[in-house]
There are 4 protein chains.
Amino acid sequence: MSWDINRVVLVGRLARDPEIKYTPSNTAVARFTLAVGGKQKNDGTDSVSFLPIVVWGKTAETCKQYLSKGKMVAVDGRLEQRSWKGQDGSPRSTIEIVAERVEFLGGASGPGKTADIRSEVPDMAAAPDFYYDNTETAIDFNPVNPEDPNF
Amino acid sequence: MSWDINRVVLVGRLARDPEIKYTPSNTAVARFTLAVGGKQKNDGTDSVSFLPIVVWGKTAETCKQYLSKGKMVAVDGRLEQRSWKGQDGSPRSTIEIVAERVEFLGGASGPGKTADIRSEVPDMAAAPDFYYDNTETAIDFNPVNPEDPNF
Amino acid sequence: MSWDINRVVLVGRLARDPEIKYTPSNTAVARFTLAVGGKQKNDGTDSVSFLPIVVWGKTAETCKQYLSKGKMVAVDGRLEQRSWKGQDGSPRSTIEIVAERVEFLGGASGPGKTADIRSEVPDMAAAPDFYYDNTETAIDFNPVNPEDPNF
Amino acid sequence: MSWDINRVVLVGRLARDPEIKYTPSNTAVARFTLAVGGKQKNDGTDSVSFLPIVVWGKTAETCKQYLSKGKMVAVDGRLEQRSWKGQDGSPRSTIEIVAERVEFLGGASGPGKTADIRSEVPDMAAAPDFYYDNTETAIDFNPVNPEDPNF
DNA sequence: TTTT
DNA sequence: TTTT
């Protein structure tokens, strides 16, 4: 009821191949890291940001199929914070970009193909809930190492 | 030379009062947490994201002056990932929203006032570099507890 | 197949009350003009932009119900160009912001209510097609005066 | 003093070569039309939007130098409405995207180069004012044919 | 852990 | 640690 405006648009390159997993209800979820070129710092250092992208549903499968490390994409999505308890019981959280649209820009196959999430994921609303569950399957489904900031 | 497109726009409420600090070169930097209303989850849970906002320069001071917990703002900025070494030497990183513009929307004083960062911070480019330094002052300048996901 | 990234986020005030109409297939479409404060010009003039917003479906009805001249909103949507033939047969076109989400910010009722378009408009895809038709109804449905900059 | 949030991000292809002109104070201004792929309409028609992009200053010159018809770019900027009197004295207006950043994505030379507008155009604030003047030079500087939807 |  |  309180859906605030929350919009992110990024252009960058995949820092690694997308990984895909499936929820128990069989919704696909892909993850990859996007390297987004930041402001050149005045000490000559390059300041790239490595940002975690999450994609749900059919779009996830399209990403898995067509994208790989080094490919350039544009992402249109939302910022989401996810909280969990660390192994020592302490509260932890990460921020992720949940992509609603991914436009493929780079590589040999050429630009122009866009994967869109709208109306492709009937059970998408359900999936995230499970995702946060602490069931065994969910754990397996969770980030391999949620402590790792770069996951 | 490779400044990728990187844009974030959020509307939400301050989850706490802004904190302001100054770099050695006397540039102001304010921080606050923005509560952004997420998608209502189907288990009835509210899914709010708490997102860390960073503001530099004169805009930071305007934010400190006019904003407080509960106020509503719109933020226009960029996503940045910041990396550092944890106390145990392990690599850690956070994602922050570096606000370029903050529009004040809520509260008694009414909406309409916008704090803009452009051309207000001559030494803004310099400041972030120091910010990442490992000098004592820098450490003091760093987040009190960089391990805290909600900082 | 070639859905390019196309994203607009605006905060401003309604320059006039929303108008609502219905397509033959009974999809609601609301229109209003958003006054968005531009860059202060150096001759002291205020440079406000008056931007045409289009909203489809249930969101349109929510806008009609809650919004009126002077209210503040945040709009998240897409840019669309619409072409037509003028009365003299010459080609004409306008650019509109098709809002996917409208967040109510201003007024007595307070902020926090967001109207969202996603999955609310089953026949939304069909509606625009009719909109571009040259049937009599469609003409009546078109802007009363497409030359009017404030339309 | 009332700079509302106003943000546009687009990915598309140049529908024609950029044109460059200079204001009397010698600030460069480039214009091109961006073809942005819209939603596939259900009658099989392709619904592309042709959107007018304006770029100021050094970025304008970089665009003129590197971009041409067919090249792919990402644009990050603001929406602006410009009003003028038609030849018959009637009020007219257009909406333009004033690009603050243009990222070059397509073509043989490959992606990765971004033209940025920030702090490159000292007299940028002055230039737009002239642009709206009714002097002879300004008229020559205005769109050759403001009625042309593809301008 | 990282992309060009 | 959290806003309405």
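Rules of the game
Residues numbered from 1 in each chain as written. Chains lettered and ligands numbered in written order. Predicted model: local features only at pLDDT ≥ 70, side-chain atom pairs only at ≥ 80, totals over all residues. Heavy atoms only, no water. Helix = DSSP H or I, 4+ residues; strand = E, 2+ residues; numbered from the N terminus. Buried < 20%, exposed > 50% of the residue type's maximum accessible area, 1.4 Å probe, protein only. Contact = heavy atoms within 4.5 Å. Salt bridge = Lys/Arg side-chain N within 4 Å of Asp/Glu carboxyl O. pLDDT = per-residue confidence, 0-100. Pairing = 2+ DSSP bridges. Phe/Tyr/Trp six-rings, centres within 6.5 Å; stacked < 30°, edge-to-face > 60°. Polar contact = N/O pair within 3.5 Å; in protein donor to acceptor, adjacent residues only side chain to side chain.

## Some remarks on the overall build of chain A
Within chain A one finds three helices and seven strands. Listing the helices and strands of chain A from first to last along the sequence gives β-β-β-β-α-β-β-β-α-α. Residue burial in chain A is summarised as follows: out of 151 residues, 55% are buried. Within chain A, contacts between residues separated by at least 24 positions form 59% of all contacts whose residues are at least 6 apart in sequence.

## Here's the deal with the pattern of salt bridges
The final tally for this structure, using the stated rule, is 24 salt bridges over all chains. Taking the shortest distance from any N to any O, the salt bridge between Arg16(A) and Glu19(A) comes out at 2.9 Å. Among the ionic pairs, Arg82(D) bridges to Glu96(D), the shortest N-O distance being 2.1 Å. Note that Arg82(D) is positioned in strand β5 (residues 72–85) and Glu96(D) in strand β6 (residues 91–104), a separation of 14 residues in sequence. Judged on exposure class, the residue Arg82(D) and its partner Glu96(D) are both buried. One connected set of salt bridges, linked through shared partners, spans Arg7(A), Asp76(A), Glu100(A), Arg7(C), Asp76(C) and Glu100(C).

## Notes on the confidence of the model for chain A
Residues and elements named next belong to chain A. Predicted confidence across chain A gives a mean pLDDT of 75, with 64% of residues reaching 70 or more. Per-element mean pLDDT across chain A ranges from 27 in helix α3 (residues 136–141) up to 98 in strand β2 (residues 19–22). Here residues 119–151 is a poorly scored stretch, pLDDT under 50, and it has 63 contacts once near neighbours within four places are set aside; other chains count.

## Notes on the pairing of strand β2 (residues 19–22) of chain B
Consecutive residues of a regular strand have side chains that alternate between opposite faces of the sheet. Residues and elements named next belong to chain B. With four bridges joining them, β2 and strand β3 (residues 28–37) adopt antiparallel strand pairing. Opposite Lys 21, over in β3, you have Val 29 as the bridge partner. Counting the residues between successive antiparallel strands, the hairpin from β2 to β3 contains five residues, one of them, Asn 26, with a positive phi of roughly 70°.

## Quick look at the packing of aromatic side chains
Residues and elements named next belong to chain A. According to the stated counting rule, one finds four aromatic pairs over all chains in the structure shown. Between the aromatic rings of Tyr 66 and Phe 104, the centroid separation amounts to 6.0 Å while the plane-to-plane angle is 45°, which identifies the pairing as tilted. Highlighted residues: Tyr 66 in helix α1 (residues 57–66) and Phe 104 in strand β6 (residues 91–104), separated in sequence by 38 residues. Judged by relative accessible area, Tyr 66 falls into the partly exposed class, the value being 38%. Among the residues examined, Phe 104 registers a relative accessible area of 6% and is labelled buried.

## A few points about the pairing of strand β6 (residues 91–104) of chain B
All names here are of chain B. For β6, a buried count of 13 out of 14 residues is recorded, marking the element as mostly surrounded by other parts of the structure. In this sheet, β6 lies alongside strand β4 (residues 48–56) in parallel orientation, the contact comprising three bridges. Within β6, the position partnered with Ile 53 by the bridge is Ile 97. The sheet contact formed by strand β5 (residues 72–85) and β6 spans 13 bridges and is antiparallel. Looking at β6, one finds that Ala 74 is bridged to Glu 103. Hairpin connection between β5 and β6: a loop of five residues separates the two successive antiparallel strands, and Gly 89 in this loop has a positive phi of roughly 85°.

## Structural notes on unusual backbone geometry
Residues and elements named next belong to chain A. If you check the backbone angles, Asn 26 has positive phi at about 70° while not being a glycine. Within the secondary structure, Asn 26 sits in the loop between β2 and β3 (28–37). Taking relative accessible area as the criterion, Asn 26 reaches 57% and is therefore assigned exposed.

## Some words on the environment of Val8(A)
Mapping Val8(A) onto the fold places it in strand β1 (residues 6–14). Since its relative accessible area comes to 0%, Val8(A) is described here as buried. For Val8(A) and Glu100(A), which are 92 residues apart along the polypeptide, the C-alpha to C-alpha distance reads 9.8 Å. Residues contacting Val8(A), with those up to four places away along its chain left out, are Val75(A), Asp76(A), Gly77(A), Arg78(A), Leu79(A), Ile97(A), Arg7(B), Val8(B) and Leu79(B).

## Description of the environment of Gly106(A)
Residue and element names in this part refer to chain A. Positionally, Gly 106 belongs in the loop between β6 and β7 (113–116). Between the C-alpha atoms of Gly 106 and Gly 12, which are 94 residues apart in sequence, the distance is 9.7 Å. In contact with Gly 106, other than residues within four places in its own chain, are Lys 71 and Met 72.

## Let's talk about the side chain of Asn6(B)
Along the chain, Asn6(B) falls in strand β1 (residues 6–14). With a relative accessible area of 1%, Asn6(B) lands in the buried category. At a separation of 2.8 Å, a polar atom in the side chain of Asn6(B) contacts the main-chain carbonyl oxygen of Leu79(B). With sequence-adjacent residues up to four places away left out, Asn6(B) is seen in contact with Val9(A), Leu10(A), Val36(A), Gly77(B), Arg78(B) and Leu79(B).

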